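Residue strings, one per chain:
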Amino acid sequence: MLRSLLILLCLLFSFSSGAQKVFISGFVKEEGSKRPVSGALLHFQAIEKEELTDKNGYFKVALDKGSYQVLISYPGYHKLGVTITLQQDQQHTFYLTPDAAQLKEVSISGNKASVLQSNLNNFSLLKQADLEKAPGFLGVHDVIKTIQTLPGTGNGGEGNAGLFIRGGGSGQNLVLFNHAVIYNPSHLLGFFSVFNSDAVGEVKFYKSGIPAEYGGRLSSVVDIQSDQQIADSLLIDGELSVLAAKINLKIPITSKWSVATTMRKTFMNYSAWPIVNKFTVDEDSGNKLNYDFYDLNFSTALALTEKDKLFAAFYVGGDDFGLDIIRFDISNGMKWQNSAASLKWNRMISNKLNLETVAGYSGYRFNFGMQQEGLEVGVHSAITDFNYSSTLKAYFGAHQLKAGLSRVQHKFVPNTPFSKNQYTDFDYGKPNTYMADEMAAFLSDDFKFSDRLSVYAGLRMTWYRHKGPYSATGPNGALTDYAKGKTVSEMFFMEPGLTVKYHLNRSTALKFAYSRNVQTIHLIPISASNFPSDFWIPSISEIPPEKGNQYSLGIFKEWADAGYEGYVDVYLRDMKNIVEFSGGLMNLSNSVKIEDHVSLGKGSSYGSEFHFKKTKGKFTGHISYTISKSDRTFEELNEGYTFPFKYDRTHDLTAVANYKLQVNWSLSALFTLATGNAYTKPISRYLIAGNVINEYGAYNGARMPTYHRMDLSATHKFPVKGKYQSFLSFSIYNVYNRSNPIFNYYIARGSLNTGKVSVQEKSIALLPILPSINYKIVFK
Amino acid sequence: MISFRNTLLFIGLMSLIYACKKEGNPGLYKPRFVVEGWIEQDDFPYVIVTHNLPFFTAVDSAQLAEVIIRYAKVTVSDGTETEVLTATTDKRYFPYFVYRGTSLKGKVGGKYSLKVEYAGNTLTSETEIPNPVNLDSIWFTEKQVNNRQLNVQIVDAANEKNYYRLYTKLEKEVIFTPTLLANQDDLFFNGKKLVMQVNRGMANNLTTKHDPYFNIGDTVLVKLSAIPASGYAFWNSLQDEILNGSNPLISSSKALKTNIKGPGVGVWCGYSSKIYRVIAK
């Protein structure tokens, strides 16, 4: 496979001047500000050919010699019609004039036409406006939640922060925010992601055919970028709801430099939780929740010259969670914090060459503490990453080439236990620390063979190294000490990818995608529900990198005039060296080495995804349905028998609908239904030391009840008054008050002396029906 | 009569399951013996033998009586002396039926093997009685007006691997109850002074009634046992299951670390114990 890909890649390059056509290339920019317009549509009328500009506003089209009528359009701008006569390769820059009336109506919306083109990409493109199409949780719109309405993307059930793509684990997604990795992209139990929608410009979500410039994860890439344009006018907006306040500022400093910042802070400890706690407290399953979070985004964009642009971004967000289990008088507390910073330099070397260089930092801190009376026990965990990458993008004929280098340096301090009481600090010795670095080179080509056929081929080559300081235990029990910077283990691997797209006709296309991915870091699942107590460790010799192959084949169709589009995509995946942790969090505090408690296994998953979307008219929306199977085999678990993946979803259905009621009112609804999580249920019990103890049965052999829920929202847009506009929205989460349990456990009650003992199944369900009101005011 | 029929049924099931070498679907209920045995210094060995129950079987007096294995041959040996224990009722220990020695007594440093034979099945285990450990001091601190919290201090021996298990009882009570976090491993405080603010444990996991403190004036007996590593592993995994099995943040390892070999689970453990008598004030 690898060799044939390499050959293909060489072939692609050698073909660079094969086509007998002339090229028109250039940019589409905004009149006045000269900002590039990304996603503008160029429609060549006589031949019905369409092309979209890339994120630099760049386009390139191969055409026969002759004269063409071109219509250039982008929502929010006046359409531009031009006539071009082509005898040889030509370059043009087109300027679109903003349509003031339209701009007020339409914010940055998706691309109206050429859906087929964009659907055929290996990524789903989401813009801010797409996030607002479904009802937000307590009125808050969210990237990850929006992704979860797409087929093949499961949520882990209520209160689960994880994103489960095509049967993969939540640690198999590369989540990038302005080029920096976000290790725990979730605030509270997944109800909100750490991405404040005001700081989100566009999102590319890849679940198959992951391109070579991304590396290091098996399941998906979520590449989130803030709006990187230089703001041309002041924008202030503020939003207030029952649980959070948010402010968003964009300030132009000069015509070439602007800053943007957005902040969010919740005050749920004063609003939501007292009410939730009031309804859920009882003696046996009583838990007291408290939780709040904040996040802060800052970014600045600077045009150094016409060709050089700098963009710097900084993010910090933190969470403070508490759960008191009344039955045992135990207080659990978790605090976690993500931070990220990046600096990007984009240089247009020529019209055909673009160089992007990024230096970034990612940090993640997690603290878990459990307190019972005077005793405190807990675990700290920390990750510090520095990364650097350079990507050169070149347009040669019908080729779009990308080549680059990247380097990452990791420091993981995954589990530092502590326990203390008033008098004694327990001594757990030196914390486990793992240092690792990675160097990668990548190369890819996106080649249009013809109007019908295009091929993408890419290859990423990575050299990975686990380095000292480290003490390794040999097979004979002898300790080997590695000094700082010394190589403990190293490996080299290749990740090829291939995507072939073939248009059957103007509105129907087939796409095949293959990718092989290697993941050098592992998310060790500890908690029952994907809490942030799950932690990351890098590959070491005992825990080699995770490896996976994915094949997918789909048919894509659009009915452009009627405003419908849809696809069916089938996929098959295999994975190896995936990890499970044997034991609970408390075992960690007793175990000095994590690797002794990790089991390695393999997994497979396959499924079929159906997506149907209506894009035109007062009523819009989409339905996603996935039928799938995902399982795991671990020698040390379930007696070696294959068992279902915890988040195996036989069925997963999501429907999102949006209706424009009148000019100023819109309604939206979301319904989701999915097979329940697999879990391990007790099969027998025994009596020991006067206790009734559970004995557990088949691993993941039981299922939680089917998950389903409906959310509704209504938004009213008040008329613009001078520079102000305001919005009022009402939303209801879990309209019919479905109790979707996240965790089941079993307790015995009674007395052995009287011979009356009953075993009860108890469930923890988090959220009942939750209505909310949001008010938002925008000053421009 | 019913109990006898159930026992026969159980034997049948057991022999059926263990006749096959490779076990089938791991999700099905498998009959197992449950052994809880102990030997303290200067005391006779005690062993309770029961069997497990399918999960949702109703538990009533008849069922509780039925889980007891009454006709096992239980043998304890210290390498030189071997004794077959005598079955007897004992109201102190649930299910009020124990196998007890009458001649062999535990000694510090002694190694003891256990063999339980029943209906063609054999369960074995080994344990030892470690060197005794001491409480350095015991005192109470005030909690509210009438409540007192127990505090203890241990000075760990630096040159010795120690595992501790701590219990309390009121003088008037029959048996000792392990404290809330009863098990300690000196891995984390080797050679140091360990001070513990002790919370009383629940009598068992069938009740939510739990008072972590003593009342002023209570006469309290505090028992500290030194236990071997295998005993620590078992009791700690039991504590993990009881405390964390229902906590979604932590979750338990879902497996008791038994030291019983054969078709059973449980623990055979030697204890070297000291008991202190104090008055809460």
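What counts, and at which threshold
Numbering of residues begins from 1 in every chain and follows the order in which that chain's sequence is written. All chains are assigned letters beginning with A, and all ligands numbers beginning with 1, in the order in which they are written. Thresholds applied to this predicted model are a pLDDT of at least 70 for local features of residues and 80 or more for the giving and counting of side-chain atom pairs; totals over whole chains, interfaces and linings are not thresholded and use all residues. Calculated side-chain values reflect all of the structure's heavy atoms, with hydrogen atoms and water omitted. The secondary structure listing takes helices from DSSP runs of H or I that are at least 4 residues long and strands from runs of E that are at least 2 residues long, numbered from the N terminus. A 1.4 Å probe rolled over the protein chains alone gives each residue an accessible area, and that area as a share of the maximum for its type sets the label: buried under 20%, exposed over 50%, partly exposed in between. Pairs of residues are marked as contacts when any of their non-hydrogen atoms sit within 4.5 Å. Every accessible area reported is derived by Shrake-Rupley at a probe size of 1.4 Å, with residue values counting cover from the shown protein chains alone. DSSP bridges decide pairing: two strands pair if at least two such bridges lie between them. Orientation is described by axes fitted as lines to C-alpha atoms, over the contacting stretch for helices, and by angles from 0 to 180 degrees between their N-to-C directions. Here, the term nonpolar core denotes a set of buried Ala, Val, Leu, Ile, Met, Phe, Trp, Tyr and Cys residues that are joined through side-chain atoms within 4.5 Å. To count toward a patch, a residue needs a relative accessible area over 30% and no salt bridge; like charges are then connected within 9 Å, while nonpolar side chains (Val, Leu, Ile, Met, Phe, Trp, Tyr) are connected within 5 Å. Any carboxyl oxygen of Asp or Glu within 4 Å of a side-chain nitrogen of Lys or Arg constitutes a salt bridge here. Between 30 and 60 degrees the pair is tilted, below 30 it is stacked and above 60 it is edge-to-face, where a pair is any two Phe, Tyr or Trp rings, Trp via its six-membered ring, whose centres lie within 6.5 Å. Criterion for a charge above a ring: Lys NZ or Arg CZ within 6 Å of the ring centre, and within 35 degrees of the ring normal.

**Topic: the overall build of chain B**
Regarding its fold elements, chain B presents 3 helices and 17 strands. Burial statistics for chain B: of 281 residues in total, 56% are counted as buried. Of the contacts made within chain B by residues no fewer than 6 positions apart, 62% connect residues no fewer than 24 positions apart. Accessible surface, chain B: about 12300 Å² in total, of which carbon and sulfur atoms supply 54%.

**Some words on the sheet that holds strand β3 (residues 49–52) of chain A**
All names here are of chain A. In space, the 4 strands of this open sheet follow the order β3-β2-β5-β6, with antiparallel pairing throughout. Bordering the open sheet on either side are β3 and β6 (80–86), each of which pairs with just one other strand. Pairwise comparison of adjacent strand axes, ignoring direction, gives a mean angle of 25° for this sheet. With 4 bridges connecting them, strand β2 (residues 41–44) and strand β5 (residues 66–73) associate as antiparallel partners. Note that in β5 the partner of His-43 across the bridge is Leu-71.

**Focus: the nonpolar core**
One recurring pattern in soluble globular proteins is that nonpolar side chains are buried together. By size, the foremost hydrophobic cluster in this structure holds 64 residues, and its most contacted members are Phe-137, Tyr-183, Phe-191, Phe-321, Ile-524, Leu-766 and Leu-767 of chain A. One finds Val-47, Val-49, Val-67 and Val-76 of chain B within the second-largest nonpolar core, a separate group that totals 39 residues.

**Some words on the pairing of strand β16 (residues 244–254) of chain A**
Residues and elements named next belong to chain A. Two strands pair when backbone bridges link them, and strand β15 (residues 235–241) and β16 are joined in this way by 6 bridges, in the antiparallel orientation. Across the sheet, residue Gly-238 finds its bridge partner in β16, namely Ile-247. Bridge count for β16 against strand β17 (residues 257–266) is 10 bridges, and the pairing is antiparallel. The residue of β17 that forms the bridge with Lys-246 is Arg-264. Counting the residues that bridge the hairpin from β16 to β17 gives 2 residues.

**What to know about the side chain of Ser-552 of chain A**
Note on placement: Ser-552 of chain A falls in strand β32 (residues 546–559). Those residues in contact with Ser-552 of chain A that lie beyond four places of it in its chain are Arg-166, Ser-208, Lys-511, Phe-512, Ala-513, Asp-569, Val-570 and Tyr-571 of chain A.

**Concerning the pairing of strand β4 (residues 58–63) of chain A**
Residue and element names in this part refer to chain A. With 5 of its 6 residues buried, β4 lies for the most part within the structure. Relative to β4, strand β1 (residues 22–30) is paired through 6 bridges, and the arrangement is antiparallel. Its bridge partner lying in β4, Ile-24 is registered against Val-61.

**Focus: a nonpolar patch on the surface**
Residue and element names in this part refer to chain A. A contiguous nonpolar patch, built from Tyr-502, Leu-504, Leu-510, Leu-553, Ile-555, Val-568, Val-570, Phe-610 and Ile-627 and spanning about 670 Å² of accessible area, is present on the exposed surface. Among the secondary structure elements, those contributing two or more residues to the nonpolar patch are β28 (487–505), β32 and β33 (564–581). Within the secondary structure, Phe-610 is located in strand β34 (residues 598–614). For Phe-610, a relative accessible area of 34% puts it in the partly exposed group.

**A short note on the sheet that holds β1 of chain A**
Residue and element names in this part refer to chain A. If you trace the 3 strands from one edge of the open sheet to the other, you get β4-β1-β7, paired in mixed fashion. Two strands in the sheet have a free side with no partner beyond their single neighbour: β4 and β7 (90–96). Averaged over all neighbouring strand pairs, the angle between strand axes comes to 25°, with direction disregarded.

**What to know about the pattern of salt bridges**
Two side chains carrying opposite charge are able to pair once their charged atoms lie near each other. Residue and element names in this part refer to chain A. In the structure shown here, the tally under the stated rule is 30 salt bridges over all chains. Residue Glu-213 is joined to Lys-402 by a salt bridge in which the shortest nitrogen-to-oxygen separation is 2.7 Å. Taken together, the residues Glu-213 in the loop between β13 (202–206) and β14 (220–225) and Lys-402 in strand β23 (residues 399–420) connect sequence positions 189 residues apart. Two residues, Asp-711 and Arg-709, come together in a salt bridge whose shortest N-O distance is 2.7 Å. Accessibility assignment for this pair places Asp-711 and Arg-709 in one class, buried.

**Regarding the packing of aromatic side chains**
Under the definition given, this model contains 43 aromatic pairs over all chains. Ring plane angle 65° and centroid distance 4.5 Å describe the contact between Phe-643 of chain A and Tyr-699 of chain A, whose orientation is recorded as edge-to-face. Of this pair, Phe-643 of chain A sits in strand β36 (residues 643–644) while Tyr-699 of chain A sits in the loop between β41 (691–696) and β42 (702–703); the two residues are 56 residues apart in sequence, bridging distant segments of the chain. Ring centres of Phe-97 of chain B and Tyr-99 of chain B lie 5.8 Å apart, and the angle between their planes is 85°; on these two criteria the pair is classed as edge-to-face. By relative accessible area, which is 1% here, Tyr-99 of chain B ends up buried. What links up through ring pairs into an aromatic cluster is the set Phe-137, Phe-192, Tyr-291, Phe-293, Phe-321, Trp-336 and Tyr-733 of chain A. Sitting above the plane of the Tyr-96 of chain B ring, Lys-91 of chain B keeps its charged end 4.9 Å from the centroid.

**Overview of the environment of Trp-665 of chain A**
Residues and elements named next belong to chain A. Mapped onto the elements of the fold, Trp-665 is located in strand β38 (residues 665–674). The sequence separation of Trp-665 and Ser-729 amounts to 64 residues, and the corresponding C-alpha distance is 9.5 Å. Among all residues touching Trp-665, those that are not within four sequence positions of it are Tyr-659, Lys-660, Ala-714, Thr-715, His-716 and Phe-730.

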